[in-house]
Amino acid sequence: MVYLDHNASTPLDARVLEAMQPFLVANHANASALYRQGRAARAAIELAREQIAALVGAHPTQVIFTSGGTEANNLALKGAVLGMGLNSIVVSGIEHSSILQAANALRRQGRRVLEMPVDGAGRVDIAGARTRLAAGQWVTLMWVNNETGVIQDVSTMAAAVREAGAFLHCDAVQAAGKLKLDFEASGAHVITLSAHKIYGPKGVGAMVLDRALDIEPLIHGGGHEHGLRAGTENVAGIVGFGCAAMLAAAEMVAQVAHVRALRDMFEAQLAAALPEITLFGQHALRVSNTSFIGVPGMHGETLLTALDAEGYAVGSGSACESKTGQPSHVLLAMGVAPSLADGALRVSLGHHNTAGEVAGLVTVLANVVARFRNMAAMRLA
């Protein structure tokens, strides 16, 4: 199977598994325990906190571990709104469902939710967003979109948000490991991360925050994670996250160049084989590994299933929403016609992919599209 869905999840790096192994088997102590094994587990967690802080340009005390990106997003949005008594939330229509659904939950509790406009390339219209900003608002902007790979202008948005007296959260789940991040320089008040997007384990994420914010915890208990996320720490997962962050920081330049060359080759070969396709977000700045395409007259999930049968794993948008059967909300927010959005496929490359795999996908996809169109023509004849 050729795996080409790395924005949904990445394979666990063997070096990460090796780092986790002692805490999966030999040292099973609670990190809050005072005896030797507990102290070793605590030291391992704090090292991981340092490694993640180094990846994103933050201080270790700003890193709060969670069960993943979804919990981190919920904690950032709900925790801030509840903790600081905010009544107005601003989001874009291209955010991850963990943001949009959390905002809807707060709307049902009486908070006002405003939506920032998005252009046809998938970029948030910051000039248009300025008209919606006001003091005391919580603003969420996805740093890199999980479907299109489009990069948002975080620093400009942060300046506008701070000028208005509001607060900015950036979902950086798809940015970490693909872009050099500097939390302090970005101007954001909070960013959120997920381990399994950077070749770490599933089930662990982080919120990185300005500690001056008053965040209300969503989970109460023993006061873990500086009182912001109670519950016995997932030591092995956190250690794996830290190791993955360290590797991402060390190897990012080389890996980004590798996947960008593959992505550019894929898009060039695909345009030659299927010139009728649409490449979403092509006129915006994108991360190096992501191609989101639309095949006119085709159903994305039908294409995905056919490619799966041929040995290629690709996505049809957000993996979290793949069972809804609805067109991508990201594409609809960009103004893409539902009929074209329905035929969307996402190819997201990873470190281990090769030129041969990419060329093979182009050939197979072109053959699959031709086969389906011939079948449709025969039915009409």
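Refer to the structure presented above.
The rules behind each value
- Residues numbered from 1 in each chain as written.
- Predicted model: local features only at pLDDT ≥ 70, side-chain atom pairs only at ≥ 80, totals over all residues.
- Heavy atoms only, no water.
- Buried < 20%, exposed > 50% of the residue type's maximum accessible area, 1.4 Å probe, protein only.
- Helix = DSSP H or I, 4+ residues; strand = E, 2+ residues; numbered from the N terminus.
- Arc of directions from axis to C-beta.
- Contact = heavy atoms within 4.5 Å.
- Phe/Tyr/Trp six-rings, centres within 6.5 Å; stacked < 30°, edge-to-face > 60°.
- Lys NZ or Arg CZ within 6 Å of the ring centre and 35° of its normal.
- Pairing = 2+ DSSP bridges.
- Core = buried A, V, L, I, M, F, W, Y, C linked by side-chain atoms within 4.5 Å.

Caption draft 1: Expanded view of helix H9 (residues 300-309). By the burial criterion, the buried members of H9 are Gly-300, Leu-303, Ala-306 and Leu-307. Considered in projection along H9, the buried side chains sweep an arc of 130° and stay on one side of the axis. On its buried face, H9 sits against strand S11 (312-313), strand S12 (344-348) and helix H12 (355-380). Directly after H9, the chain includes Gly-311, whose backbone phi takes a positive value near 95°.

Caption draft 2: Main features of the packing of aromatic side chains. Following the criterion strictly, the structure yields three aromatic pairs and no others. Centre to centre, the rings of Trp-138 and Phe-167 are 6.1 Å apart; their planes meet at 25°, and the pair counts as stacked. Remark: Phe-167 occurs in strand S6 (residues 167-171) and Trp-138 occurs in strand S5 (residues 138-142); sequence separation between them is 29 residues. One residue, Arg-371, lies across the ring of Phe-372, its end atom 5.7 Å from the ring centre.

Caption draft 3: Up close: the sheet that holds strand S9 (residues 278-279). Strand order across the open sheet formed by three strands is S9-S10-S12, with antiparallel pairing between neighbours. Of all strands in the sheet, those with a lone pairing partner are S9 and S12, marking the two edges. The pairing of strand S10 (residues 290-294) with S12 spans five bridges and is classified as antiparallel. Pairing of Phe-292 across the sheet is with Arg-346, part of S12.

Caption draft 4: Quick peek at the nonpolar core. Counting 72 residues, the largest nonpolar core has Phe-65, Trp-143, Met-157, Leu-168, Ile-191, Leu-193 and Phe-241 as the members making the most contacts within it. Looking at this core element by element, the count peaks at twelve residues for helix H8 (residues 235-273). Phe-241 has contacts with Ile-52, Phe-65, Leu-193, Ser-194, Ala-195, Ile-198, Pro-201, Val-204, Gly-205 and Ala-206, leaving out every residue within four places of it along the chain. The next biggest cluster of nonpolar side chains, apart from the first, holds 28 residues, and it includes Val-2, Leu-4, Tyr-312 and Val-368.

Caption draft 5: Molecular detail of the pairing of strand S3 (residues 88-92). Most of S3 is tucked away, with five of its five residues classed as buried. Neither face of S3 is open: one carries Ser-88, Val-90 and Ser-92, the other Ile-89 and Val-91, and all of them are buried. Pairing of S3 with strand S4 (residues 112-116) involves five bridges; the strand directions are parallel. Its bridge partner lying in S4, Val-91 is registered against Glu-115.

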